[in-house]
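Below, each chain spelled out in residue letters.
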Amino acid sequence: MKRKKVILIISTVVLVLMAAGALYIYKEYNRTHKDTAEVKADYSVAATQLIKNFEKDEQSSNQKYWDKVIQVDGRVKDIIKDDRGFYSVVLGDSSAMSSVRCSMDSIHNKEAAAVQKGSHAVMKGICTGFNADELLGSDVILVRCVVDLKK
Amino acid sequence: MKTRLLLLCASTLLVTASFGQKYFTKSGKINFDATSPSSPEKIEGVNRTVTCVMDSKTGNMQFAVLMKGFEFERALMEEHFNENYVESDKFPKAEFKGIIDNNDKVNYAKEGTYPVTVKGKLILHGETKDVEAPGKLIIQDGKINATAEFNVLLGDYKISIPGLVADKVSKTAKISVACSLELLKG
């Protein structure tokens, strides 16, 4: 009688654990990306300063900013809409070749479309690194960007 | 005297024509597809922040792409791609340097679709390998739409696929490139 009870308890525990495990795997597997708008920025920096940091020392800047959520503010140099309707907002000093390029998250396209060229904007996105190019000008690249309306 | 003037005109024309022959984009697209035939779901990422420069005179082409910029639908897939496969923290950038093999067949002054073959070296995951890819240049409204598709054997770049997901993740990845190139002024 006692033994039966023990077996029952153990098998219940095992079953519950297995169900929890399966649920966890299922959830983890189907996990989508967090909306950048809902994520707190790790760093907040001016576009021109961010460019300067990377130009001065790419390696240490990469260590600091890579894969981090960054809030960047600056003048909008350009807004590009590609043939599939994806937006990029380019921030920086309009007289300089270098910029911060923000590839917009498509669920925030409406906000991107409202951004005015020449205006001041605050963007938030995930830094993927720095593309140094003497001919084209160097860029700090952010992806999954949103217009930071909260500021 | 007349011939001299003509020659001068012709050479000035030639000089001006050889200027401004670089085309570029900073928002090119690269698709990475490693869906194995037996996989029930797509294993696919896209990068929309590709830099590309090409010289229409020489046919030289150059691509640079930040690996962390590949976006996957599933967060877990993207994390695995970055952490386990391409190790984008150690090798943040992939590059391609090459040349259009049949550049003389492309008339950049005339709108149309031109099939091309691009040959060059791809640096990915710290490994350099020769790549040859068929592609297309569509010249329209002063812009060049460049597309190409090729396969890379992940093993060539020392990217290993764990046995657990070997039935889902293909050993070769299909890479599709699409860039809308504009004339570089300056």
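Counting restarts for each chain, with residues numbered from 1 along the sequence as it is written. The naming scheme follows written order: chains are lettered A onward, ligands numbered 1 onward. Given that this is a predicted model, residues contribute local features only at a pLDDT of at least 70 and side-chain atom pairs are listed and counted only at 80 or more, while totals for whole chains, interfaces and linings are drawn from all residues. Heavy atoms from the whole structure form the basis of all side-chain values; hydrogens and water molecules are not counted.

(A) Molecular detail of the domain arrangement of chain A. Split by domain assignment, chain A resolves into domain 1 (1-31) and domain 2 (36-147). In this document the domain limits rely on a domain assignment from an automatic tool or a database. Each of domain 1 of chain A and domain 2 of chain A has a C-alpha centre, and these two points are 47 Å apart.

(B) Just the confidence of the model for chain A, in detail. Each residue carries a pLDDT score, the predictor's own confidence in it, on a scale running from 0 to 100. In this model, chain A carries an average pLDDT of 93, and 98% of its residues clear a pLDDT of 70 or more. The helix and strand labels rest on DSSP assignments: H or I over at least four residues marks a helix, E over at least two residues marks a strand, and numbering proceeds from the N terminus. At the low end of the mean pLDDT range in chain A sits helix α4 (residues 109-114) of chain A, at 90; at the high end sits strand β1 (residues 43-46) of chain A, at 97.

(C) Expanded view of a nonpolar patch on the surface. Residue and element names in this part refer to chain A. Where nonpolar side chains cluster on the molecular surface, the patch consists of V6, I10, V14 and M18 and spans about 370 Å² of accessible area. Mapped onto the elements of the fold, V6 is located in helix α1 (residues 2-29). Overall, the relative accessible area of 44% leaves V6 in the partly exposed class. Any residue with relative accessible area above 30% and no salt bridge may belong to a patch, with like charges joined within 9 Å and the nonpolar Val, Leu, Ile, Met, Phe, Trp and Tyr side chains within 5 Å. We get accessible surface area from the Shrake-Rupley algorithm with a probe of 1.4 Å; when it comes to residues, only the shown protein chains can shield them. A side-chain nitrogen of Lys or Arg and a carboxyl oxygen of Asp or Glu constitute a salt bridge if their distance falls within 4 Å. Under the scheme applied here, a residue whose accessible area is under 20% of the maximum for its type counts as buried, over 50% as exposed, and between as partly exposed, the area being computed with a 1.4 Å probe on protein chains only.

(D) Representation of the pattern of salt bridges in the model. Throughout the structure, instances matching the rule amount to 14 salt bridges over all chains. We note a salt bridge from R31 of chain A to E28 of chain A, for which the minimum N-O separation is 2.9 Å. Judged by relative accessible area, R31 of chain A falls into the partly exposed class, the value being 27%. Between K22 of chain B and D55 of chain B there is a salt bridge whose closest N-O contact spans 3.8 Å. Of the two residues, K22 of chain B is situated in strand β1 (residues 22-35) and D55 of chain B in strand β2 (residues 44-55); the sequence distance between them amounts to 33 residues. Here K22 of chain B falls in the partly exposed class, since its relative accessible area comes to 32%. Classification of D55 of chain B by relative accessible area gives buried; the value is 15%. Members of the salt-bridge network, linked through shared partners, are E28 and R31 of chain A together with E79 of chain B.

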